[in-house]
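Listed here are the chains, written in short residue letters.
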Amino acid sequence: MKKLKVNENILALLMFISMFAGWQYMIIVVGFIWAFCEAGNSLQKLTVKVVSVFGAIAIVSLVWSLIIQGVDATMGGLNRFFQMLVSWGVDATLVTNANRYAFQPIDLLLGIIESVLNLLLLIVKVRFIFSVLANRNYNGFWPVKGIAEKIENFATNKFYDEDKGKNVEKGAFCPKCGTKCEDGASFCPSCGNKF
């Protein structure tokens, strides 16, 4: 299929606008760029960087949601347990005190942490956008930065750099697919993985 020849600056601008519109629109635009447009090396690197940072933000948000749901499920289970005890004749102040001194403070604390995390993630997005516009390296919030680097390395095939440059020893197997390789081979004859 013949790809469209579009000015890379217009495509980059379209990608930046989509970042403000949201994660879903950005993925659609990046997919459009990669599938239908001729993208130079700099635009390809930019799209990988953008997707890796926004992917990292999505992963951090997902992990936080899992934590919140786990805590909510635990607190709900404990609350039901206390209500069950009350139905068996235990004093009702147990449930009231559990709500007042445990469940409500934990819920309040989690709400505050969630607000702070959402603010940090918004700051990360804005700082990332400005770092790309200024053509500077992105130094952001440590969990997002670390995850983004892993995603970017994976996307640019640097994920297994520690395995590259090593020749296969006698009788060794490919670490990627498990195929037995010849002595001193520098790539796998089956999957093409570089050693």
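Predicted model only: the values in this text are computed from it and were never measured. (Residues numbered from 1 in each chain as written. Predicted model: local features only at pLDDT ≥ 70, side-chain atom pairs only at ≥ 80, totals over all residues. Heavy atoms only, no water.)

**Points about the overall build of the chain**
- A count of helical and extended segments in the chain gives five helices and zero strands.
- Taken against the 2.2 N^0.38 rule, which gives 16 Å for 195 residues, the C-alpha radius of gyration of the chain at 25 Å runs more than 25% over that of a compact globule.
- Along the first, second and third principal axes, the C-alpha set of the chain runs to 75 × 50 × 35 Å.
- When each of the 195 residues of the chain is scored for burial, the buried share is 27%.
- Nonlocal contacts in the chain, meaning residues at least 24 apart in sequence, comprise 52% of its contacts between residues at least 6 apart.
- In the structure as shown, the chain presents an accessible area of about 13,000 Å², 61% of it carried by carbon and sulfur atoms. (Helix = DSSP H or I, 4+ residues; strand = E, 2+ residues; numbered from the N terminus. Rg over C-alpha atoms; globule rule 2.2 N^0.38 Å. Buried < 20%, exposed > 50% of the residue type's maximum accessible area, 1.4 Å probe, protein only. Contact = heavy atoms within 4.5 Å. Areas by Shrake-Rupley, 256 points an atom, 1.4 Å probe, with all protein chains shown as cover.)

**Quick word on the side chain of serine 131**
- You can see serine 131 is positioned in helix 4 (residues 93-133).
- With residues up to four places along the chain from it excluded, the contact list for serine 131 reads Arg136, Asn137 and Tyr138.

**Thoughts on helix 1 (residues 8-21)**
- For helix 1, spanning 14 residues, the distance from its first C-alpha to its last is 20 Å, which sits close to the expected 20 Å at 1.5 Å a residue.
- Regarding helix 1, the residues found buried are Leu11, Ala12, Met15, Phe16, Ser18 and Met19. The arc that holds every buried residue of helix 1, seen down its axis, measures 160°, which confines them to one face. Facing away from the buried side of helix 1 by over 90 degrees, the exposed positions are Asn9, Ile10, Leu13, Ile17 and Phe20.
- Phi turns positive, to about 135°, at glycine 22, one or two residues after helix 1. (Expected span 1.5 Å × (residues − 1). Arc of directions from axis to C-beta.)

**Focus on the confidence of the model for the chain**
- On average, residues of the chain score 80 in pLDDT, and 91% of them are at 70 or above.
- This model gives residues 161-168 a pLDDT under 50, and the stretch forms 16 contacts once residues within four places in sequence are excluded. (pLDDT = per-residue confidence, 0-100.)

**Things to note about the nonpolar core**
- One finds Met15, Met19, Leu43, Leu46, Val50, Phe128 and Val144 to be the most contacted residues of the largest nonpolar core, which totals 30 residues.
- Sorting the residues of this core by element identifies helix 1, helix 2 (23-36), helix 3 (41-87), helix 4 and helix 5 (142-155) as the ones contributing at least two each.
- Ranked by residues supplied to this core, first place goes to helix 3 with 10 residues.
- Residues Phe82, Val95, Ala98 and Phe103 belong to the second largest nonpolar core, which totals six residues. (Core = buried A, V, L, I, M, F, W, Y, C linked by side-chain atoms within 4.5 Å.)

**Some details on the side chain of serine 52**
- Secondary-structure assignment places serine 52 in helix 3.
- With a relative accessible area of 1%, serine 52 lands in the buried category.
- In terms of polar contacts, serine 52 uses its side chain to reach the backbone carbonyl oxygen of lysine 49, at 2.8 Å.
- Discounting residues that sit within four places of it in the chain, serine 52 has contacts with Ala148, Ile151 and Glu152. (Polar contact = N/O pair within 3.5 Å; in protein donor to acceptor, adjacent residues only side chain to side chain.)

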